[in-house]
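Understanding the architecture of this molecule
What follows is the residue order along each chain.
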Amino acid sequence: MPAFKVVIPARYASSRLPAKPLLDLGGKPMVVRVAERARLSGAEEVWVATDHPEVHAACTAHGVAALLTRADHPSGTDRLAEVVAQRGWASDTLVVNVQGDEPLIEPELITQTARQLAVSGADIATVVHPLTVAADFFNPNVVKVVCRADGDALYFSRAPMPYARDHFAANGTASLPAGLPAYRHVGLYAYRASFLNAYASLQEAPCEQFEALEQLRALWHGYRISVTLVDAAPAAGVDTPEDAVRVRKLFDPA
């Protein structure tokens with residue numbers, strides 16, 4: 001297993017779920033639950049990167065390493081880059097970005113993503129799973145990816161792709177044709193620190209601005225994104241009050 005570190009970006013503000021990292025799940029803040037899952041992945045170090053002293057204090061109280069980072073980062077990737085700089089990690093360090101609202105994430109998935117980055121020699125690694133439901137395929141909130149022959153990502157889009165022209169013309173859009181290589185992107189990334197060091201200086205890609213997908217910036221500038229395929233979607237994260245109710249039941253069934 002390759003050596004790698006995990007960073008968990010945890011913004012305090014959330015329009016749909018205020019103070020989301022501190023959401024109580026069975027007596028512990030959600031961000032602490034995420035860190036506990038990440039520790040099981042075999043990571044050398046697990047850090048929470050937050051913009052708020054209350055999140056930092058909650059992590060410290062539960063024995064989770066945390067760093068205070070700037071509040072004006074436009075993305076979690078920028079926050080990771082600040083952690084790399086603060087910690088002085090070498091350019092060849094492998095860093096897995098685990099979202100702070102994923103308390104059910106499988107530790108093996110974190111390990112698998114780090115392994116994919118190590119063996120592929122790419123700049124970034126990420127995760128996809130097959131799409132089998134037409135409604136998901138046509139949903140712009142579901143990000144699709146088309147891959148190259150070597151397993152690297154060719155393009156990410158909110159549009160349905162690859163588009164089965166003849167099947168949809170003949171049968172409509174209620175079903176997908178057998179064998180369509182349609183994959184949904186899962187927002188779990190592993191990065192080489194060298195990429196994170198360069199990220200802030202990269203110009204936005206025109207396609208990124210329209211698709212609202214920051215990973216397109218890396219592709220536009222010629223960086224490689226290696227893809228690992230899993231059988232099914234990982235457990236859903238916590239984005240809404242309804243999600244919070246669902247996950248709370250798992251940690252405190254009573």
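Each chain carries its own residue numbering, running from 1 in the written order of its sequence. Totals for whole chains, interfaces and linings use every residue, but because this is a predicted model, local features are given only for residues with pLDDT of at least 70 and side-chain atom pairs only at 80 or more, for both listing and counting. For the side-chain quantities, the full set of heavy atoms in the structure was used; hydrogens and water were omitted.

1. Remarks on the overall build of the protein chain
- Check the secondary structure of the protein chain and you find 10 helices and 11 strands.
- In terms of C-alpha radius of gyration, the protein chain reaches 19 Å, essentially the compact-globule figure of 18 Å for 254 residues.
- Its C-alpha atoms put the protein chain at 60 × 45 × 35 Å along the principal axes.
- Each residue's exposure class comes from its accessible area (1.4 Å probe, protein chains only) as a fraction of the maximum for that residue type: buried when under 20%, exposed when over 50%, partly exposed otherwise. Taking all 254 residues of the protein chain together, 50% fall into the buried category.
- The long-range share in the protein chain, meaning contacts at least 24 apart out of those at least 6 apart in sequence, stands at 67%.
- Exposure was quantified through the Shrake-Rupley algorithm and a 1.4 Å probe, taking into account, for residues, occlusion by the shown protein chains and nothing else. For the protein chain, the exposed surface amounts to about 11,700 Å²; the carbon and sulfur share of it is 52%. Helix numbering and strand numbering both begin at the N terminus, where a helix is a DSSP run of H or I of at least 4 residues and a strand a DSSP run of E of at least 2. Radius of gyration means the value over C-alpha atoms here, while the globule rule gives 2.2 Å times the residue count to the 0.38 power. Residue contacts are counted whenever heavy atoms from the two residues lie within 4.5 Å of one another.

2. Points about helix 3 (residues 76–87)
- The first and last C-alpha atoms of helix 3 sit 17 Å apart over 12 residues, in line with the 16 Å expected at 1.5 Å per residue.
- Those residues of helix 3 not exposed but buried are T77, D78, R79, L80, A81, E82, V83 and V84.
- Buried residues in helix 3 make contact with strand 1 (5–10), strand 4 (45–50), strand 5 (66–68), strand 6 (94–97), strand 10 (183–192) and helix 7 (193–199).
- As used in this structure description, the phrase polar contact means that two N or O atoms lie within 3.5 Å; if the pair is within protein, one of them must be able to donate a hydrogen and the other to accept it, and residues adjacent in sequence are counted only when both atoms belong to side chains. Residue S75 occupies the N-cap position of helix 3, its side-chain oxygen lying 3.3 Å from the main-chain nitrogen of T77.
- A positive backbone phi angle near 70 degrees is found at G88, which sits one or two residues after helix 3. Expected span of a helix, by definition, is 1.5 Å for each gap between consecutive residues, and there is one gap fewer than residues.

3. Remarks on the packing of aromatic side chains
- Any two of the Phe, Tyr and Trp rings considered here, Trp counted by its six-membered ring, make a pair once their centres fall within 6.5 Å; the pair's planes then place it as stacked at under 30 degrees, edge-to-face at over 60, or tilted in between. The tally for this structure, following the rule as stated, stands at eight aromatic pairs.
- Between Y189 and Y191, the ring centres sit 5.6 Å apart and the planes meet at 20 degrees, which makes this aromatic pair stacked.
- Since its relative accessible area comes to 10%, Y189 is described here as buried.
- A ring pair is formed by Y191 and F195, whose centres lie 5.7 Å apart and whose planes are at 5 degrees; its orientation type is stacked.
- The class for F195 is buried, based on a relative accessible area of 3%.

4. Re unusual backbone geometry
- Going from M161 to P162, the amide bond is cis rather than trans, its omega being -5 degrees.
- If you trace the backbone, P162 turns up in the loop between strand 9 (153–157) and helix 6 (165–171).
- You will see that A19, though not glycine, has its phi angle at about 55 degrees, which is positive.
- Turning to its location among the elements, A19 is positioned in the loop between strand 1 and strand 2 (24–25).
- Residues other than glycine seldom take positive phi values, yet A212 does so here, at roughly 60 degrees.
- Mapped onto the fold, A212 is located in the loop between helix 8 (206–211) and helix 9 (215–220).
- Judged by its relative accessible area of 53%, A212 is exposed.

5. Notes on the side chain of Q116
- Positionally, Q116 belongs in helix 4 (residues 107–120).
- Apart from the residues lying within four places of it in its own chain, the contact partners of Q116 are A125, S226, V227 and T228.

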